[in-house]
Structures are given as C-alpha cells and as structure tokens.
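The primary structure of each chain is shown beneath.
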Amino acid sequence: MAMTILMITGVHILRDFAKSDSQTSTTMNAPAPIWKMVFMALVGFIFDYSLTPPQPPPASKELLKPSRSLATRFPRASAEFGKLLIRTWALAEIALPFATTDICPPSLSKRIIKLLVHSQQPAAAVARVSTLTPMFFIGGCMIIFGSLLRVACFKALGRFFTYELSVRNEHKLITSGLYAFVRHPSYTGVLCFCFGEYLCFFEESSWLVACSGLFPRDEYVRTCLVWGIRATLYSTFAVYMHRRMNDEEAMLEKHFGKEWKDWKKRVPYRILPWVY
C-alpha cells in the first residue's frame, strides 16, 4: 500500500514539474498541495510507528551496565522526544498546504498562515511549502524505507528487540533474514531515515526553511548553511551510532562467545553489505 502511494505521488510530481511556469502560477487550485498533504501523512505515520518501542523495558538484571551516554541511558525518552518533533513537523507541513486548498475555510486559512508563516514574503513561502519537490520526495522516501526496515527488525527479533542494550532471559542470537546480510540492519534503517529527515527538514520547500524566518534570504548563504547543518547533525549522529554498535557487539560477544564470533565471520558487515 505504501509503495503504491509512493509510485502514484512520484508520477504526479514528474507531471507537475513538466508543466510550464504559467501553469504553476495556479498553485492555489492545483492538486499539488493535496499530494504534499497525503505524502506527509504517510511519512509521519510510518516514521512515528518506527520510533515506538515494540517491547516494554527489560528487567534491570538484563540491562547492560554501565550505560555510557545519555541517549543510551534514556532511549525511550529520546524516542518520545523524536516522536514529538516528527509530529510537530508533519503537522506544520500538512497544515500549510491545507490552508491553500479550496476545502479550507478562509478564516481558518488566515489563522494557519498567521501562526506558521514568519517570512518577509509570505505568499511565496506558502507556495513553496505547498509544493512537493523532488528533494523533499526523495528524503521522505528514505524516511519510509528506513522506518519499514526498522519495523522489519522489530518482527525479526521479537521480544529480543529493546531500546535498551540488554541480554534477555533465554536470549537467542538471530542470524537469519536481514541479519544474514548485516549485523545491525535496524541501525541501517535508522541512518537511512535520519538522512532523509535532514533532507526534508532543511529543504527549500520545508516549513522550517521557507516559513520560520530563521534562515537568511540570500540563496547562496542559505544553501551553505543548510548543508552545513545537515553534515554536522548527521556526522554527530553517526558517531553516536558507531559507539552504540561497539557497546552492543561487546555485550553480545561476552554473552554468546563462539556463536557470536562465528556469526561475525559469516556476516562481516555491520551496516551495508560489501561496504561496512
């Protein structure tokens, strides 16, 4: 179902970008805002689901001790903060396109725009946010793919998948399915949807860049700034994920011993087959 919606949305994006500038001037009556709303609803729902812990917290005796970082100590609080951020972002990205459609009452449209638009050129900013651009679409697809990959790991590990680093009672080492290709497919999903998230958050047609008033008007300066922010955020997160993988692998090697070492020989890649 999700892939069908993505394919339909992609076709409409290509069709919309093939139109002339004179046609795109009628954005208020065009279906583009609707596609942005539908796409964002899909992205937000799947992303939110992938951040929801599939299992309750493990018993204290099952936890890795000591935890080395705040995110490792409070993984559920970190996830809840992430969900709040995603819901707020998705709501803003849906609300503004909705305000440009004929189905939105004029009084509500004015309130939404007044609340969310802080640009010196509000009409142009709203028009940008109401358009589903190729970059935003690619970022959203990466969020969906990474989230679905993570959910597949929920299913594969069952009760052994916990946000906390832990060895459960009667824990079994899962080495089949996705885990026959890489040792941390869930982290592959996380890195994928985080990259997509940063693409969307700081895209020219995002609410944050177009309407928040926080970014410079000069296009060159703005472009350098957003890519600098993306690089900083993603590299910082990648360093954290690397440390967490090290902690997790040390924990599993200690518990499973030879079984884990044999699996590591069969599956030498952590994140991406034939790469790393």
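Just above, that's the structure.
Scope of this entry: the structure provided in the associated data block.

Criteria and thresholds
Residues numbered from 1 in each chain as written. Predicted model: local features only at pLDDT ≥ 70, side-chain atom pairs only at ≥ 80, totals over all residues. Heavy atoms only, no water. Buried < 20%, exposed > 50% of the residue type's maximum accessible area, 1.4 Å probe, protein only. Helix = DSSP H or I, 4+ residues; strand = E, 2+ residues; numbered from the N terminus. Arc of directions from axis to C-beta. Contact = heavy atoms within 4.5 Å. Phe/Tyr/Trp six-rings, centres within 6.5 Å; stacked < 30°, edge-to-face > 60°. Lys NZ or Arg CZ within 6 Å of the ring centre and 35° of its normal. Axes fitted to C-alpha atoms, helices over the stretch in contact; angles between N-to-C directions. Parallel < 35°, antiparallel > 145°, perpendicular 65-115°, else oblique. Left-handed = near helix turned anticlockwise from the far one by under 90°. Nonpolar A, V, L, I, M, F, W, Y, C, P; charged D, E, K, R; others polar. Salt bridge = Lys/Arg side-chain N within 4 Å of Asp/Glu carboxyl O.

Points about helix H7 (residues 122–129)
Listed as buried for H7 are Ala125, Val126 and Val129. The arc enclosing the buried residues of H7, seen along the axis, measures out at 95°, which places them on a common side. In this fold, the buried residues of H7 make contact with helix H3 (32–50), helix H5 (75–99), helix H6 (106–116) and helix H10 (207–210).

Here we look at the environment of Phe202
With respect to the element layout, Phe202 can be found in the loop between helix H9 (185–201) and H10. Considering only alpha carbons, one finds Phe202 and Phe136, 66 residues apart in sequence, at a separation of 9.1 Å. Those residues in contact with Phe202, other than ones at most four positions away along the chain, are Leu208, Val209, Phe215, Val226, Ile229, Arg230 and Leu233.

Some words on the environment of Asp247
Position of Asp247 among the secondary structure elements: in helix H11 (residues 219–256). With 183 residues separating them in the primary sequence, Asp247 and Leu64 have C-alpha atoms 8.8 Å apart.

Points about the packing of aromatic side chains
One pass over the structure, following the stated rule, counts 10 aromatic pairs. Ring geometry for Phe201 versus Phe202: centroids 6.3 Å apart, planes at 70°, classification edge-to-face. Note on accessibility: Phe201 and Phe202 belong to one class, buried. Put simply, the rings of Trp89, Phe136, Phe201, Phe202 and Phe215 pair up and form one aromatic cluster. Against the face of Phe136 rests Lys36, its NZ or CZ located 4.4 Å from the ring centre. We note Arg230 situated over the ring of Trp227; from NZ or CZ to the ring centre the distance is 4.3 Å.

Here's the deal with the packing of H5 against H6
Where H5 meets H6, the axes come as close as 9 Å, and the angle between the chain directions of the two elements is 135°. Accordingly, the angle class assigned to the pair H5 and H6 is oblique. Relative to H6, the crossing made by H5 is left-handed. Counting all contacts with H5, which are made through Ala92, Ala95, Leu96, Phe98 and Ala99, the residues of H6 involved are Leu108, Ser109, Ile112, Ile113 and Leu116. Of the residues assigned to the contact of H5 with H6, the class counts are nine nonpolar, one polar and no charged.

As for the side chain of Ser186
You can see Ser186 is positioned in helix H9. Residues within four places of Ser186 in sequence aside, it is in contact with Arg150, Cys153 and Phe161.

Considerations on the pattern of salt bridges
Counting across every chain of the model gives eight salt bridges. Salt-bridge contacts for Glu249 lead to Arg183; the nearest nitrogen and oxygen are separated by 2.8 Å. Note that Glu249 is positioned in helix H11 and Arg183 in the loop between helix H8 (134–157) and H9, a separation of 66 residues in sequence. Exposure remark for Glu249: the relative accessible area of 7% places this residue in the buried category. Across the salt bridge formed by Arg222 and Glu204, the nearest N and O atoms sit 2.9 Å from each other. You can see Arg222 sitting in helix H11 and its partner Glu204 sitting in the loop between H9 and H10, a full 18 residues away along the chain. Judged by its relative accessible area of 25%, Glu204 is partly exposed. One salt-bridge network, held together by shared partners, links Arg183, Glu249 and Arg270.

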